[in-house]
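Close look at the chain arrangement
So the chains spell out like this:
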Amino acid sequence: MQALKPTLWRTTSRLTLFAFVGAILIVGSYHSTRQQIVHNEKMTLLQTLNGLIPPSSYDNDLVNDSIEMENRAFLGSAKPMTIYRARKQKQAVAAIINSIAPDGYSGNIYLVVAVNYDGTLAGVRVLSHQETPGLGDYVEERRSKWILGFNQRALNNPEEAGWKVKRDGGVFDQFTGATITPRAVVKAVYKTLLFYQQYRDAIFVEQVSH
Amino acid sequence: MRYQQIIYDGLWRNNTGFVQLLGLCPLLAVSSSVINGLGMGLATTLVLASCNLAVSSVRHWIPNEVRIPIFVLLIAAIVTAIELLMKAFYYDLYMVLGIFIPLIVTNCAVIGRAEAFASKNVPLASLLDGIMVGLGFTLALVLLGGMRELLGHGTLFAQAELMFGQLGKSFSLSFGDNYKGFLLAILPPGAFFCLGLLIAGKNWLDARATVSQPLYFKEAVTTPPSS
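One structure accompanies this document, and this report is about it. Keep in mind the model is a prediction, meaning the values are calculated, not measured.

Our focus in this paragraph is the state of the cysteines. Residue and element names in this part refer to chain B. For the coordinates displayed, the defined rule picks out zero disulfides over all chains. Unpaired in terms of disulfides, cysteine 108 finds its nearest cysteine sulfur in cysteine 25, a separation of 9.0 Å. We classify cysteine 108 as partly exposed; its relative accessible area is 37%.

For the rest of this paragraph, the subject is the interface of chain A and chain B. The interface of chain A with chain B comprises 24 residues on the first partner and 27 residues on the second. Here chain A is connected to chain B by four residue pairs in polar contact (both at pLDDT 80 or more). Residues belonging to the side of chain A that touches chain B are distributed by class as follows: nine nonpolar, ten polar and five charged.

To continue, consider a nonpolar patch on the surface. All names here are of chain B. Taken together, the side chains of Leu150, Phe157, Phe164, Leu167, Phe171, Leu173 and Phe175 make up a nonpolar region of the molecular surface, amounting to roughly 630 Å² of accessible area. The residue leucine 150 is located in helix H9 (residues 123–153) in this model. For leucine 150, a relative accessible area of 39% corresponds to the partly exposed category.

Residue and element names in this part refer to chain A. The antiparallel open sheet is built from five strands, whose spatial order is S1-S2-S3-S4-S5. Taken across any chain shown, the strands that pair with only one partner, and hence form the sheet edges, are strand S1 (66–69) and strand S5 (121–128). With direction set aside, neighbouring strand axes in the sheet form an average angle of 20 degrees. Taken together, the six bridges between strand S2 (residues 81–88) and strand S3 (residues 91–101) define a ladder with antiparallel strand orientation. Across the sheet, residue arginine 85 finds its bridge partner in S3, namely alanine 95. Helix H1 (residues 4–52) rests against S2, S3, strand S4 (109–116) and S5 of the sheet, and its axis sits at about 145 degrees to S5. Across the face of the sheet, helix H3 (residues 180–203) comes into contact with S1, S2, S3, S4 and S5 while running at roughly 140 degrees to S3.

Calculation rules
- Residues numbered from 1 in each chain as written.
- Chains lettered and ligands numbered in written order.
- Predicted model: local features only at pLDDT ≥ 70, side-chain atom pairs only at ≥ 80, totals over all residues.
- Heavy atoms only, no water.
- Disulfide = S-S within 2.5 Å.
- Buried < 20%, exposed > 50% of the residue type's maximum accessible area, 1.4 Å probe, protein only.
- Contact = heavy atoms within 4.5 Å.
- Polar contact = N/O pair within 3.5 Å; in protein donor to acceptor, adjacent residues only side chain to side chain.
- Nonpolar A, V, L, I, M, F, W, Y, C, P; charged D, E, K, R; others polar.
- Patch = residues over 30% accessible without salt bridge, like charges linked within 9 Å, V, L, I, M, F, W, Y side chains within 5 Å.
- Areas by Shrake-Rupley, 256 points an atom, 1.4 Å probe, with all protein chains shown as cover.
- Salt bridge = Lys/Arg side-chain N within 4 Å of Asp/Glu carboxyl O.
- Helix = DSSP H or I, 4+ residues; strand = E, 2+ residues; numbered from the N terminus.
- Pairing = 2+ DSSP bridges.
- Axes fitted to C-alpha atoms, helices over the stretch in contact; angles between N-to-C directions.

In structure tokens form, the structure reads like this:
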């Protein structure tokens with residue numbers, strides 16, 4: 001017992017010391033990088049949003065003009081989804097809605113759906129997904145032009161029966177060997193448009209205070 | 001001479017991916033293309049080099065009984081710090097490599113080198129060992145990624161622009177637009193098949209090298225019968 005005591009003291013103190021050093025390293029790098037990281041993320045987000053809505057069409061601080069809304073039936077998730085609001089001279093221009101297609105081939109497909117004020121689609125992008133590489137990933141803009149086929153579409157263009165992939169009698173292409181992924185995306189975009197139609201006034205409500 | 005040994009061991013003789021089979025999780029998970037493999041390999045090299053250097057620098061203050069928890073603490077702290085710094089100052093690179101960095105924590109090659117090498121050697125040798133083992137891992141990832149990409153998509157260096165900017169677009173090679181793709185190579189089982197083939201290929205190369213060596217050398221490496 002007597003021999004064990006100094007060893008025990010030595011190991012405990014050294015372990016504590018290294019835990020302390022590790023904690024300082026992480027806390028230090030976290031605090032020195034936090035602001036820069038927030039800035040970087042905001043710039044990237046703005047880049048994505050500007051890819052959907054031209055920067056000249058709005059004049060508000062798009063990244064910070066957002067609202068959280070939840071609607072499991074329309075947006076695919078019980079969690080609050082962020083909606084960015086583009087305005088020009090206080091007039092609503094477009095809403096960029098985060099939405100989820102919950103019924104992809106492999107997990108959730110995360111979408112951003114940009115809707116002009118009049119209800120036409122300004123564009124759709126897939127943010128992230130785990131669909132089969134080489135088959136389902138043609139929903140990504142960098143892989144194929146398919147996702148651009150939503151531009152200018154609206155609830156009445158095509159009519160409800162047309163909001164399906166061609167195999168199901170609709171107007172949207174499917175991919176060879178992969179129907180489930182585009183089917184899920186088409187359905188999610190359609191439901192997001194329904195959500196927009198129903199809640200447009202609530203989406204564009206002015207923030208009272210921040 | 002010793003440094004040459006470190007370089008040879010790290011890159012080829014004890015290659016993490018082909019011989020030690022450490023770090024199979026990231027190796028099989030992200031090697032679906034050359035560029036993915038290269039990204040993961042470089043991120044791992046950075047982590048291995050920093051962790052080896054750190055562990056080696058403080059090796060005299062680490063009590064033997066609790067060395068493993070201390071290695072884990074150091075590695076976790078360094079990986080987190082690297083991720084944060086990269087996110088802050090090399091955001092474009094982070095967008096490409098960032099997703100791989102948390103995966104590196106699952107790579108037991110990092111703690112393996114800390115335990116087997118860095119805790120017993122001087123910082124300079126440990127740094128070199130980290131870099132060489134990392135580059136050896138990168139080699140394995142790039143070969144495996146190239147094989148899977150070629151079989152699966154019929155391309156090589158696709159999306160190189162993610163890592164090399166506009167210049168990278170000219171690297172991309174495509175072999176025949178009519179190639180339908182071989183899905184199995186892209187899916188996880190394909191990673192195992194391809195890795196098996198590459199390991200067999202390396203063993204074949206090594207065996208051929210041994211045969212062509214002079215006889216007396218061959219006898220020297222066989223173990224003498226125990227008396």
